[in-house]
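Here is what each chain is made of, one letter per residue.
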Number of protein chains: 2
Amino acid sequence: MHDHSALLEKMRAHAPDEGNILSLAGLFKVFGDPTRVRILYALSAGEMCVCAIGEYLEMDQSAVSHQLKVLKQHRLVKNRREGKTIYYSLADRHVFSIITQGWEHVTEETENEAAE
Amino acid sequence: MHDHSALLEKMRAHAPDEGNILSLAGLFKVFGDPTRVRILYALSAGEMCVCAIGEYLEMDQSAVSHQLKVLKQHRLVKNRREGKTIYYSLADRHVFSIITQGWEHVTEETENEAAE
DNA sequence: CATTCATATGAATGATTGTTCATATTATAT
DNA sequence: ATATAATATGAACAATCATTCATATGAATG
């Protein structure tokens, strides 16, 4: 192994906080599932109740609830109750801007998606 | 289950392409691992060779190579050879702006991270 | 050309995770 | 109170995935 002591010295000087790294990876992991992305997309059109989401995405209610819980834990969605039904909606503006940012990367270059 | 036919009708009208959903989730999944985030952060300071990354992150060379391969497949990093060593760097401007976007969400609200 | 250095790759493994099934809440209505 | 509708939760299972170990490539050097 060749020498990098100088470089490493410099890098360790302004290393990012480990807690933030974990939070950040945790956040992106939530976006890293097709089902959750579909849910977020659906909610970008406006609030929806749980069973409407399930019907739209053709998945059963339990699976939807489980994923909504994950999304809520990371504050990507919020909900309100109206009688028996609970309506979910996007939590804040960040949520869709993160998706939009990723979208640009994905749609920008479409050649050899899984190449190499 | 109550009725949503009207809502669903409208939503299916402008549903996002399934292929794009999968690509997008795939992209975020790559960002959803602490090791890969650490690597991207490291590379944001400038290009580094594989063993420097490994030394910096205190993980062995093989693990680094495996993750670099994932990052490269998703065009988040690029590399160039110089003799025996191969230098990796961020692929384009998107990469860090995606991280920055996520960072804002993570650092904005720090109360009850894993609550509920 | 044999050796060494830097990196890549393949198989195996342990851990994580999305979905399903069954069951539990919570709220309305009769 | 019972029944029903809407949602949530817990356990179990299958699939995915990050890491490790061993080995392979590819380039320089003696």
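Scoring rules and cut-offs
- Residues numbered from 1 in each chain as written.
- Chains lettered and ligands numbered in written order.
- Predicted model: local features only at pLDDT ≥ 70, side-chain atom pairs only at ≥ 80, totals over all residues.
- Heavy atoms only, no water.
- Helix = DSSP H or I, 4+ residues; strand = E, 2+ residues; numbered from the N terminus.
- Buried < 20%, exposed > 50% of the residue type's maximum accessible area, 1.4 Å probe, protein only.
- Polar contact = N/O pair within 3.5 Å; in protein donor to acceptor, adjacent residues only side chain to side chain.
- Contact = heavy atoms within 4.5 Å.
- Phe/Tyr/Trp six-rings, centres within 6.5 Å; stacked < 30°, edge-to-face > 60°.
- Buried area = accessible area lost by both parts, 1.4 Å probe.
- Salt bridge = Lys/Arg side-chain N within 4 Å of Asp/Glu carboxyl O.
- Nonpolar A, V, L, I, M, F, W, Y, C, P; charged D, E, K, R; others polar.
- Core = buried A, V, L, I, M, F, W, Y, C linked by side-chain atoms within 4.5 Å.
- Pairing = 2+ DSSP bridges.
- Axes fitted to C-alpha atoms, helices over the stretch in contact; angles between N-to-C directions.
- Least-squares fit on C-alpha atoms with pLDDT ≥ 70 in both.

Visitor: Any chance you could break down the side chain of B:His4 for me, citing the residues and the numbers?
Guide: With respect to the secondary-structure elements, B:His4 resides in the segment before helix H1 (5–13). A residue is classified by how much of its surface remains accessible, and B:His4, at 6% relative accessible area, is buried. At 2.9 Å, the side chain of B:His4 forms a polar contact with the side chain of A:Glu55. Setting aside residues no more than four positions away along its own chain, B:His4 makes contact with A:Cys49, A:Cys51, A:Ala52 and A:Glu55.

Visitor: Give me the packing of aromatic side chains: which residues, what numbers.
Guide: As enumerated under the stated definition, the model contains seven aromatic pairs over all chains in all. Seen in terms of ring centroids, A:Tyr41 and A:Phe96 are 5.4 Å apart; in terms of plane orientation they differ by 85°. Their pairing is edge-to-face. Taken together, the residues A:Tyr41 in helix H3 (residues 34–43) and A:Phe96 in helix H6 (residues 93–108) connect sequence positions 55 residues apart. A:Tyr41 gets classed as buried once you look at its relative accessible area, which sits at 17%. Grouped by ring-pair contacts, the aromatic residues A:Phe28, A:Phe31, B:Phe28 and B:Phe31 constitute a single cluster.

Visitor: Hey, could you go over the interface of chain B and chain A for me, with residue numbers and the actual values?
Guide: Contact residues are listed per partner, giving 62 residues for chain B and 61 residues for chain A. Here chain B meets chain A over a buried area of about 5800 Å², counting both sides, of which 63% is carbon and sulfur. Seen at the junction of chain B and chain A, the total is two salt bridges. Among the ionic pairs, B:Arg38 bridges to A:Glu18, the shortest N-O distance being 2.6 Å. Taken together, chain B and chain A are joined by nine residue pairs in polar contact (both at pLDDT 80 or more). Top contributing element to the side of chain B that touches chain A by residue count: helix H6 (residues 93–108) of chain B, with 13 residues. When the residues that make up the side of chain B that touches chain A are grouped by side-chain class, the tally is 29 nonpolar, 15 polar and 18 charged.

Visitor: Help me get a handle on the nonpolar core, residues and values and all.
Guide: Counting 68 residues, the largest nonpolar core has A:Phe31, A:Leu40, A:Met48, B:Phe31, B:Leu40 and B:Met48 as its most contacted members. Residue contacts for A:Met48: discarding those within four places in its chain leaves A:Ala42, A:Leu43, A:Ile53, A:Tyr56, A:Ile86, A:Tyr87, A:Tyr88, B:Leu7, B:Leu8 and B:Met11.

Visitor: Describe the sheet that holds strand E2 (residues 77–82) of chain A, naming the residues involved and giving the relevant values.
Guide: Residue and element names in this part refer to chain A. Read from one edge of the open sheet, three strands run E1-E3-E2, paired in antiparallel fashion. Edge positions in the sheet fall to strand E1 (48–49) and E2, since each of these pairs with one other strand and no more. Note that E1 and strand E3 (residues 85–90) share two bridges and pair antiparallel. Within the sheet, the bridge partner assigned to Cys 49 lies in E3 and is Tyr 87. Across the face of the sheet, H3 comes into contact with E1, E2 and E3 while running at roughly 95° to E3.

Visitor: With reference to specific residues and values, describe the relation of the copies chain B and chain A.
Guide: With an axial shift of 0.0 Å and an RMSD of 0.0 Å, the rotation relating chain B to chain A amounts to 180°. Such values leave the two copies arranged in the relation of a two-fold axis. Most of the interface of chain B is mirrored in chain A, where 98% of its interface residues again form contacts.

As far as function goes, none of this settles anything; it's purely spatial.
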